[in-house]
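Coordinates in review
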Amino acid sequence: MGLYVGAKVYFIHEGGTVIGSARCKDFRSHEGRLKAAHNLVQHGITNLCVIGGDGSLTGANLFREEWSGLLTELVEQGSGAQ
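Thresholds, definitions, all that
Residues numbered from 1 in each chain as written. Predicted model: local features only at pLDDT ≥ 70, side-chain atom pairs only at ≥ 80, totals over all residues. Heavy atoms only, no water. UniProt positions renumbered as here; feature names shortened; annotations may be inferred. Helix = DSSP H or I, 4+ residues; strand = E, 2+ residues; numbered from the N terminus. Buried < 20%, exposed > 50% of the residue type's maximum accessible area, 1.4 Å probe, protein only. Polar contact = N/O pair within 3.5 Å; in protein donor to acceptor, adjacent residues only side chain to side chain. Contact = heavy atoms within 4.5 Å. Phe/Tyr/Trp six-rings, centres within 6.5 Å; stacked < 30°, edge-to-face > 60°.

If you look the protein up in an unreviewed UniProt entry, it shows as Phosphofructokinase domain-containing protein from Goodea atripinnis. Here the protein is described in UniProt, under the heading Catalytic activity (unreviewed entry), as follows: "beta-D-fructose 6-phosphate + ATP = beta-D-fructose 1,6-bisphosphate + ADP + H(+)".

In structure tokens form, the structure reads like this:
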């Protein structure tokens, strides 16, 4: 049973993700995670559910830890993350 709260849900049945991080070496760098944060903001994505193994969860946790700083950088760069 689920509860609908008006959220947009994207299911990716092929390789890749909406934010451009799947199996992407760039996501391992700060610049790559900054690009992923920019993509989330540009697409209006406010929640992210990561389903995967240790690598996915490790990357998601690092992304979570850096999130506020990434948004601050985007605002300073004028990338529309306001």
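This part takes up the side chain of arginine 33. Structurally, arginine 33 is set in helix 1 (residues 30–42). Under the relative-accessibility criterion, arginine 33 is labelled buried at 6%. One polar contact links the side chain of arginine 33 to the main-chain carbonyl oxygen of phenylalanine 27, over a distance of 3.0 Å. For arginine 33, the contacting residues outside a window of four places in its chain are Asp26, Phe27, Arg28, Leu62, Phe63, Glu66 and Leu70.

This part is about the packing of aromatic side chains. Summed over the entire model, instances satisfying the criterion amount to 2 aromatic pairs. With a centroid separation of 5.6 Å and 75° between ring planes, the pair formed by phenylalanine 63 and tryptophan 67 is classed as edge-to-face. Separated by 4 residues within a single helix, phenylalanine 63 and tryptophan 67 lie in helix 2 (residues 54–77), roughly one turn from each other. With relative accessibility at 28%, the residue tryptophan 67 sits in the partly exposed group. Ring-pair connections join several aromatic residues into one group, and the members of that group are Phe27, Phe63 and Trp67.

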